[in-house]
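# What the coordinates show
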Amino acid sequence: MPRESFAIGNVRVRAGSERDVELPITRLVTGGDASLPVRVVHGRDPGPVVWVSGAIHGDEVIGVEVIRELIATLSAKQFRGTLVAVPVVNVLGFMAGDRYLPDRRDLNRSFPGSPRGSLASRIAHLFMTEVVSKCEVGIDLHTAADKRANLPQIRADLDDPRTRELAEVFGAPVMLHARLRDGSLRQAAVEVGAKVLLYEGGEALRFDDEPIRVGVAGIRRILEHLDMVDPEPTGETPVSVESRSSGWVRARGTGILNLETRLGATVEAGERIGGLSDTFGRRVRLVRADRSGIVIGLTRAPIVNAGDALVHIAAVEPTVAG
């Protein structure tokens, strides 16, 4: 018996086919319409339903390229299950190159939303209704905030066995046990029963080759693990370092920053990782690691004030011998 078509918005996608769908968001002041772009890959054979999403913050563009490269490798005729790909969730912020919506609301603090709330709340409700409610697994793609860079990493509930299994399969350099944030997509999706991975990597408003490569490869491994695509001969899954706590080293003074560490570096508590100088180059203060671990994020801003976040260090969990 042929597989049923997949309903989304006001269309149905036939089994064994792909389709681009526009989900209406709002009418623009110019009279045009703003819509949520969705690509549905509805496999010929049954299987899980998975979503991947990017640019929930409008300046986080890496997810758009990850999804573009991913879907270029897929064929609905050889696909099992369904992939719902949403490369740009915050359409209005994306068009403006801005993290937030025009009213300065953070879309990722507006879930699960409401059909009659603010613009952010309406977009969140649309995404929950048309995407999340139809899916079992979700992968939400992010980058660091403005003037910061992140090592590729998975943030997830590592205490949930199924979610942990997916995080390990993804194979990012680090998997970080992260609490749920109120109003986030991850929190809202988990509450309705989805297993969610949040991928972080790279910088805002630019494409970084390594985070893109890790993101595409990780999602592909998830699809292989769920038996949605045939495995590729790519070798063993990289082993992720596990962390259950992290924190930012903050500037203890004001000055011009010279970092002496890099993303992915292993540091020891008390180790010198940079320094602050005045405008003539005189060193005014050293920057030292406040814990041992791996550098998963850092600032790209050379001018810092006292209290600014400089280096994000994740404590590494000891490995258990098998």
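The notes below deal with the structure included here.

How each quantity is defined
- Residues numbered from 1 in each chain as written.
- Predicted model: local features only at pLDDT ≥ 70, side-chain atom pairs only at ≥ 80, totals over all residues.
- Heavy atoms only, no water.
- Salt bridge = Lys/Arg side-chain N within 4 Å of Asp/Glu carboxyl O.
- Helix = DSSP H or I, 4+ residues; strand = E, 2+ residues; numbered from the N terminus.
- Buried < 20%, exposed > 50% of the residue type's maximum accessible area, 1.4 Å probe, protein only.
- 1 Å grid on protein atoms, 1.4 Å probe; cavity = no way out; pocket = protein on both sides within 12 Å on 5 of 7 lines; lining within 4 Å.
- Points joined across faces, edges and corners; volume = space filled by probe spheres on them.
- Nonpolar A, V, L, I, M, F, W, Y, C, P; charged D, E, K, R; others polar.

## Let's talk about the pattern of salt bridges
Evaluated as defined, the whole model comprises 27 salt bridges. Where Asp230 meets Arg80, a salt bridge forms, and the shortest distance between an N and an O atom there is 2.9 Å. Linking Asp230 in the loop between α6 (209-225) and β11 (241-243) with Arg80 in strand β6 (residues 80-86), this pair joins segments that are 150 residues apart in sequence. Residue Asp230 is classed as partly exposed on the basis of its relative accessible area, which comes to 46%. Taking relative accessible area as the criterion, Arg80 reaches 18% and is therefore assigned buried. With its nearest N and O atoms 2.5 Å apart, the salt bridge here joins Arg244 to Asp159.

## Comments concerning the layout of surface pockets
A volume near 720 Å³ is recorded for the largest pocket. Contributing elements (two or more residues each) for the lining of the largest pocket: β8 (148-156), β9 (174-177), β10 (195-203) and β12 (245-250). The leading source of residues in the lining of the largest pocket is β12, at 4 residues. In this model, the second largest pocket occupies a volume close to 270 Å³. Together, 13 residues line the second largest pocket, and Arg164, Met175, Val239, Ser240 and Glu242 are the ones closest to its centre. Tallied by class, the residues present in the lining of the second largest pocket amount to 7 nonpolar, 2 polar and 4 charged.

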